[in-house]
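# Commentary on secondary and tertiary structure
Single-letter residue listing:
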Amino acid sequence: MNTAPQSFPLTFGLNTFGDVTGDAEGRPISHAQTIRDLVEHGIAAEDAGLDFFGIGEHHTDDMPLSASDVVLSAIAARTERIHLGSAVTVLSSDDPVRVFQRYSTLNAVSGGRAEVILGRGSSIDSFPLFGFELSDYEELFEEKTNLFAHLLEGGPVTWEGSTRAGLRDQDVVPHLDTPLPTWIGVGGSPESVIRTARYGFSLMLAVIGGPASRFAPYTELFHKALEQFGRGPQQVGLHSPGHVAATDEQAREEFWPHYRDMITKVSATRGFAIPTEGSFRRELGPDGSLYVGSPETVAAKIAANLRAVGANRFDLKYGIPGMTDESLLSAIRLYGEEVVPRVRDLLA
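Rules and cut-offs
Residues numbered from 1 in each chain as written. Predicted model: local features only at pLDDT ≥ 70, side-chain atom pairs only at ≥ 80, totals over all residues. Heavy atoms only, no water. Helix = DSSP H or I, 4+ residues; strand = E, 2+ residues; numbered from the N terminus. Rg over C-alpha atoms; globule rule 2.2 N^0.38 Å. Buried < 20%, exposed > 50% of the residue type's maximum accessible area, 1.4 Å probe, protein only. Areas by Shrake-Rupley, 256 points an atom, 1.4 Å probe, with all protein chains shown as cover. Lys, Arg positive; Asp, Glu negative; His and termini not counted. Charge placed at Lys NZ, Arg CZ, Asp CG, Glu CD. Core = buried A, V, L, I, M, F, W, Y, C linked by side-chain atoms within 4.5 Å. Contact = heavy atoms within 4.5 Å. Phe/Tyr/Trp six-rings, centres within 6.5 Å; stacked < 30°, edge-to-face > 60°. Axes fitted to C-alpha atoms, helices over the stretch in contact; angles between N-to-C directions. Left-handed = near helix turned anticlockwise from the far one by under 90°. Nonpolar A, V, L, I, M, F, W, Y, C, P; charged D, E, K, R; others polar.

Our focus in this paragraph is the overall build of the chain. Each helix and strand counted, the chain has 11 helices and 12 strands in total. The C-alpha radius of gyration of the chain comes to 19 Å, within 12% of the 20 Å expected for a compact globule of 348 residues. The principal-axis extents of the C-alpha atoms in the chain amount to approximately 60 × 45 × 40 Å. When the 348 residues of the chain are sorted by exposure, 53% land in the buried category. Counting only carbon and sulfur atoms, one obtains 53% of the accessible surface of the chain, whose full area is about 14,900 Å². Across the chain, the 29 positively charged side chains and the 46 negatively charged ones have centroids separated by 3 Å.

In structure tokens form, the structure reads like this:
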């Protein structure tokens with residue numbers, strides 16, 4: 001049953017972790033060129049009619065997007081309509097005041113088009129980089145989310161906590177002159193769903209393995225918790241990886257070897273099973289989390305899962321380290337110009 005609030009329109013976005021692409025010979029391009037290409041991707045996303053373009057914070061050699069807001073500002077200067085935001089900001093290892101300042105600045109630069117998706121961080125590279133202990137993982141996120149919520153309220157902030165210095169009647173600038181939509185990215189914890197509702201933020205469900213339908217109870221829990229906390233309706237989104245090409249076969253051929261290599265590389269630290277061609281094909285099916293195929297195939301799966309989960313937004317995480325820039329630009333165009341209209345028709 002569709003439990004999405006009817007007051008929210010269907011919206012569609014693209015997310016990237018700034019994955020380093022490969023040249024014609026398969027050699028990785030430079031970090032600098034990766035970032036310059038990413039600006040062009042954001043512009044292409046607006047040209048394709050998409051609603052949102054997000055960049056997730058990462059700090060690795062093959063995902064060198066450590067200052068997403070700077071890249072988003074460059075995109076904002078060359079676009080007019082598309083919303084721009086983090087996907088996600090690892091709030092646990094950042095400072096909420098600085099996050100607020102960066103994204104309120106982006107909101108000003110873009111004319112009110114900024115959004116922020118906060119997360120605890122499934123990728124933990126930022127913890128040792130910035131001197132935080134993994135043992136403080138939960139406390140850091142809870143306290144910093146609390147402070148961020150205070151900052152969004154506007155006006156002088158008074159706040160006390162144990163993970164950073166307190167504030168007393170502190171004016172935090174720049175002030176927002178339009179709202180800054182805030183989401184929390186959740187990977188499967190009911191406690192995180194309830195936290196999101198408690199602060200009155202929107203819920204982004206990160207589905208990176210298995211059937212999306214298993215998240216439907218979280219949508220129901222979210223709406224009930226919002227009501228119990230006296231919060232108004234908030235949006236629910238789905239975030240999953242994928243790739244669009246002219247045919248199913250082409251999409252699989254372009255995506256599979258790089259997906260296999262990436263998951264194999266991170267399996268030791270992230271606890272992922274090393275993929276096989278069989279497991280890959282299962283993830284492509286109706287009970288899997290990958291949206292890889294032709295526009296018709298991808299649209300049908302998005303529509304089915306938005307309906308099953310009760311979400312009003314879908315963000316496709318595009319790109320895998322090693323894919324070519326040409327294939328990614330083609331995927332952006334196909335997603336915006338062919339997939340999204342098909343989904344809208346299917347859900348009309």
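Our next topic: the nonpolar core. Ranked by size, the top nonpolar core spans 87 residues in total, and within it Phe 12, Leu 14, Phe 53, Ile 302, Phe 314 and Tyr 335 carry the most contacts. Per-element tally for this core: the top contributor is helix α11 (residues 325-347), with 7 residues. Beyond its immediate sequence surroundings of up to four residues, Ile 302 is in contact with Phe 12, Tyr 291, Phe 314, Tyr 335, Val 339 and Val 343.

What follows is about the packing of aromatic side chains. Enumeration according to the criterion identifies 9 aromatic pairs in this entry. Relative to Phe 148, the ring of Phe 100 has its centre 6.5 Å away and its plane inclined at 70°; by these criteria the two rings are edge-to-face. Note that Phe 100 is positioned in helix α3 (residues 96-109) and Phe 148 in helix α5 (residues 137-152), a separation of 48 residues in sequence. Note on accessibility: Phe 100 and Phe 148 belong to one class, buried. Ring geometry for Phe 255 against Phe 280: centres 6.4 Å apart, planes inclined by 20°, an arrangement best described as stacked. Separated by 25 residues along the polypeptide, Phe 255 in helix α8 (residues 248-270) and Phe 280 in helix α9 (residues 277-284) bring together distant segments of the chain.

Look at helix α6 (residues 190-199) against helix α7 (residues 216-228): their axes get within 8 Å of each other, and the N-to-C directions meet at 35°. For the crossing formed where α6 meets α7, the hand is right-handed. Counting all contacts with α6, which are made through Pro 190, Val 193, Ile 194, Thr 196 and Ala 197, the residues of α7 involved are Tyr 218, Leu 221, Phe 222, Ala 225 and Leu 226. Considering only residue class, the contact of α6 with α7 consists of 9 nonpolar, 1 polar and no charged.

As far as function goes, none of this settles anything; it's purely spatial.
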